[in-house]
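Examining the three-dimensional arrangement
Each chain, written out:
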Amino acid sequence: MFRVSKSFFPLPSARTGTAALLLAPVAIALLAACTPDNAQSTFGTAGPIAEDQANLFKFIFWIAAVVFVLVEGAVIYAAIRYRRRSDSDKLPYQTHGNTRLEITWTIVPAIILIGVAIPTLAQIWGQQSGVPDDLGEVLNVEAIGHQWWFEFRYPDHEVITANELHIPVGRPISFKIVSQDVVHSFWVPKIAGKVDMVPLNDNFMWMIGSEVGTFYGQCAEFCGIAHAHMRFRVIVQTEEDFQAWLDGMHTAPDAPAPGSPEATGQQLFAANCSTCHTNNSTSPGSYAQEINTQQARWNGWISDTENSLIVSAPNLTNFGDHITLGAGLKDLNQDSLVAWITDPSSIKIGTRMQKHAAIYRTPDGELRPDGKPGLSESEISDIATYLLSLKPGSGSGDDTADSPDSGSIDGAAVFATNCTGCHSTGDDTKIGPGLAGVGERAASRVQGLSADEYIEQSIREPSASIVPGFNNLMPPWGHLGDDKIDALVTYLKTLK
Ligand code: CUA
């Protein structure tokens, strides 16, 4: 016979009371993440889209709260009011089904769900149908997810940057959102909702930042070991400050003073870091160049993900103006940058740089046993000093525009800042072939092309003729301009 034990609904014991007391601070700590002041709270909104979404959340929350209280209240009331009070209590009369009640509790939830669905769908459709026409001039941005950082392109302004997105206050920003590798998700909690970044598939979203300030962004889709460390910043600026930033992104830094740590750092960066990090996308043509280069890096990495010496990496143009490093992980300064170069994984687990970049390998190509780069402390410090010095200069330092005095261009210097990441001047292979003796080889490489013509073609259109044993990884390098390419060809022919 069916029996209900008296202890079926126990009153709280001393032990459960203690457990509740101990858990309370944990629950409060978790809820503290929801306070509007928290950097990633969706309640302290700074844009109309996030505000609409927060209001919708509150609307649904209060409906759910009322339903919860009514249903749970009825359950608790019935359990207490009709509990078995003594062994002589008999089972109540057992019924099955009550048509009127069943119709009621089918219709009432249906009405509640329709009430929730109408504003939800209206908001989803409103936000997916693009920027309304009456909100002012739209700024187009392409956001690209990479393991584990964000690339931002401004196609209308030919500006490219990483991990720190600058936008003008009050203006609608239309995003094209995609990923280069796996599925990520683009999310700026205080300004807009999240949209997945999917490879080979463009998604769209738009947002408006309504307050000047710096806001947190975060990848919101598990994408690998450093997912939680895949962050970014959104810097909402006045229209004037934003225009100044855009102008700055087209202004090369001034050349470092000869003999300075910055000058040493520049050479070390060109030789050790520039394969993966572009840091000079200020001149006309460099925007398209960087898009090609980033694709070439991806091709190189995907062709051998275990051993590749080349990976997609953030563009570091005017990096000295950044406020964070490691995709929003640390404040940027000399100490944090030195720590990053010395041991990136200690700051961001899984970073590709340490596993693939040549400086973390021995000359034989093995990973160095200590995991540290094969550079001295002062060399690392000089690279950091140089990178922090990269800020818009006086406007005279554009190192890729054609010079009126082409005879004065030093081909060796052009080589040092553009080519040494992938090519040695000896016989050894870095990413591409070593270039010793290239002048002699070039004359017989392609029938009908002189040595000069072949080398020039290899710079402007590398895919036209690939040296056997190498993959087509090099992007076209024609943005250097005629004069620099001439100087480079002349210099390369001197390599024996
Ligand atoms: Cu990218 Cu999670």
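Conventions used here
- Residues numbered from 1 in each chain as written.
- Predicted model: local features only at pLDDT ≥ 70, side-chain atom pairs only at ≥ 80, totals over all residues.
- Heavy atoms only, no water.
- Helix = DSSP H or I, 4+ residues; strand = E, 2+ residues; numbered from the N terminus.
- Rg over C-alpha atoms; globule rule 2.2 N^0.38 Å.
- Buried < 20%, exposed > 50% of the residue type's maximum accessible area, 1.4 Å probe, protein only.
- Contact = heavy atoms within 4.5 Å.
- Areas by Shrake-Rupley, 256 points an atom, 1.4 Å probe, with all protein chains shown as cover.
- Core = buried A, V, L, I, M, F, W, Y, C linked by side-chain atoms within 4.5 Å.
- Salt bridge = Lys/Arg side-chain N within 4 Å of Asp/Glu carboxyl O.
- Expected span 1.5 Å × (residues − 1).
- Pairing = 2+ DSSP bridges.

Observations concerning the overall build of the protein
- In terms of helices and strands, the protein carries 14 helices and twelve strands.
- Here the C-alpha radius of gyration of the protein, 31 Å, is well above what a compact globule of 496 residues would show, namely 23 Å.
- Taken over 496 residues, the protein has a buried fraction of 41%.
- By sequence separation, contacts in the protein at least 24 residues apart represent 65% of the contacts at least 6 residues apart.
- When the accessible area of the protein is evaluated, it comes to approximately 26400 Å², of which 59% is carbon and sulfur surface.

Focus: the nonpolar core
- F152, Y154, L165, F175, F186, M207 and V234 are the most contacted members of the largest nonpolar core, which totals 38 residues.
- Setting aside residues up to four positions removed in sequence, F152 forms contacts with V141, E142, A143, V159, I160, T161, A162, N163, E164, L165, F186 and F232.
- Counting 24 residues, the second largest nonpolar core, distinct from the first, contains F319, M353, Y360 and I383.

Section: the pattern of salt bridges
- A complete count under the given rule lists twelve salt bridges for this structure.
- Its salt-bridge partner being E142, residue K176 comes within 4.0 Å of it at the nearest N-O pair. Of this pair, K176 sits in strand β5 (residues 173-179) while E142 sits in strand β1 (residues 139-146), placing them 34 residues apart in sequence.
- With a relative accessible area of 28%, K176 lands in the partly exposed category.
- Residues joined in a network through salt bridges with shared partners are E137, R171 and E239.

Quick look at helix α3 (residues 99-128)
- A rise of 1.5 Å per residue sets the reference length of α3, with its 30 residues, at 44 Å; its end C-alpha atoms lie 42 Å apart and thus fit the reference within 8%.
- Taken together, the buried positions of α3 are V116, T120, Q123 and Q127.
- On the buried face of α3, the contacting elements are α2 (48-81) and β8 (203-207).
- The positive-phi residue at the C-terminal boundary of α3 is G130, with phi of around 90°.

Points about the pairing of β5
- β5 sits mainly inside the fold: five of its seven residues count as buried.
- Sheet topology places β1 next to β5; seven bridges connect them, and they run parallel. Counterpart to L139 in the pairing with β5 is I173.
- Bridging between β5 and β8 involves five bridges; their strand directions are antiparallel.

A closer look at the pairing of β1
- Of all eight residues making up β1, seven are buried, and the element is well covered by its neighbours.
- Relative to strand β2 (residues 149-154), β1 runs antiparallel, the two being bridged by five bridges. Among the inter-strand pairings, E142 is bridged to a residue of β2, identified as R153.

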